[in-house]
Amino acid sequence: MPDHFEPSHLATLGRGWIAAWNSHDLERVLTLYAEDAEMTSDRIPALGFGASGTVRGKDALRAYWGTALAKLPDLHFELIELFVSPDSVAVLYRNERGKRICEYLRLDAAGKIRQGSANHPVV
């Protein structure tokens, strides 16, 4: 299994990630993630999913994102730019409210997202 990925593969993943979210199909989003994936965001505590700001495992991701999607029926991401490293892609995008967000996505050896982090601008 690879310990690094071609930039074109990572760019395709980043674009696919945007498309999955824009489809509003949570199961489509989750197919991009490893079973033991973890996600960190300052929005996690605000939605009642733990003070640490991190959720772990697909079941926890499904619960968190399901709650978030229910509150954001107009969710839409517009890709601004992609940044790659050997095992990760950072997706800079604008959401439906015009806010810029950078999502860091690190892959496991199978090419699934193992670790994600939503990074919001400092207000």
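Residues numbered from 1 in each chain as written. Predicted model: local features only at pLDDT ≥ 70, side-chain atom pairs only at ≥ 80, totals over all residues. Heavy atoms only, no water.

**Student:** Is there a simple way to think about the nonpolar core in this case?
**Tutor:** The nonpolar side chains of a soluble globular protein tend to be buried, and buried together. With 32 residues, the main nonpolar core has Trp17, Trp21, Tyr33, Leu61, Trp65 and Val91 as its most contacted residues. Where this core is concerned, the elements lending two or more residues are α1 (7-22), α2 (26-30), β1 (33-40), α4 (58-71), β4 (88-94), β5 (100-107) and β6 (113-119). Broken down by element, this core gets its largest block of residues, seven residues, from α1. Apart from residues no more than four positions distant in its own chain, Trp65 is found in contact with Trp21, Leu26, Val29, Leu30, Tyr33 and Met39. (Core = buried A, V, L, I, M, F, W, Y, C linked by side-chain atoms within 4.5 Å. Buried < 20%, exposed > 50% of the residue type's maximum accessible area, 1.4 Å probe, protein only. Helix = DSSP H or I, 4+ residues; strand = E, 2+ residues; numbered from the N terminus. Contact = heavy atoms within 4.5 Å.)

**Student:** Help me understand the side chain of Ser41, please; the structure alone is not making it clear to me.
**Tutor:** With respect to the secondary-structure elements, Ser41 resides in the loop between β1 and α3 (43-46). For Ser41, the side chain forms a polar contact with the main-chain nitrogen of Arg43, separated by 3.0 Å. With near-sequence residues (within four places) excluded, Ser41 lies in contact with Gly53, Tyr64, Ala118 and His120. (Polar contact = N/O pair within 3.5 Å; in protein donor to acceptor, adjacent residues only side chain to side chain.)

**Student:** What is the right way to look at the environment of His4 in this model?
**Tutor:** Relative to the elements of secondary structure, His4 occurs in the segment before α1. Take His4: its relative accessible area is 44%, and that puts it in the partly exposed class. The sequence separation of His4 and Ala37 amounts to 33 residues, and the corresponding C-alpha distance is 18 Å.

**Student:** In this structure, what is going on with the environment of Gly116? I would like to understand it.
**Tutor:** Within the secondary structure layout, Gly116 lies in strand β6. Separated by 27 residues in sequence, Gly116 and Val89 have C-alpha atoms that sit 9.8 Å apart. Apart from the residues lying within four places of it in its own chain, the contact partners of Gly116 are Glu38, Met39, Thr40, Tyr104 and Leu105.

**Student:** What's the story with α1 in this structure? I'm lost.
**Tutor:** In an α-helix there are 3.6 residues to a turn, and that puts residues three or four apart on one side. Over its 16 residues, α1 runs 23 Å from end to end, which matches the ideal 22 Å to within 8%, given 1.5 Å per residue. If you check which residues of α1 are buried, you get Leu10, Ala11, Leu13, Gly14, Trp17, Ile18, Ala20 and Trp21. (Expected span 1.5 Å × (residues − 1).)

**Student:** When you look at the sheet that holds β5 in this model, what are you seeing that I'm missing?
**Tutor:** Pairing between sheet strands relies on hydrogen bonds along the backbone, with the strands arranged either parallel or antiparallel. Taken together, the six strands give an open sheet; going across it, the order is β2-β1-β6-β5-β4-β3, and neighbouring strands pair in mixed fashion. Each edge of the open sheet is held by one strand with a lone partner, namely β2 (54-56) and β3 (78-85). Neighbour-to-neighbour, the strand axes of this sheet turn through a mean angle of 15°, independent of strand direction. Its contacts with the sheet place α1 against β1, β3, β4, β5 and β6, and it is angled at close to 150° to β3. Sheet strands in contact with α4 are β1 and β2, and its direction is about 50° off that of β1. (Pairing = 2+ DSSP bridges. Axes fitted to C-alpha atoms, helices over the stretch in contact; angles between N-to-C directions.)

No statement about biological role is implied by the geometric values presented.
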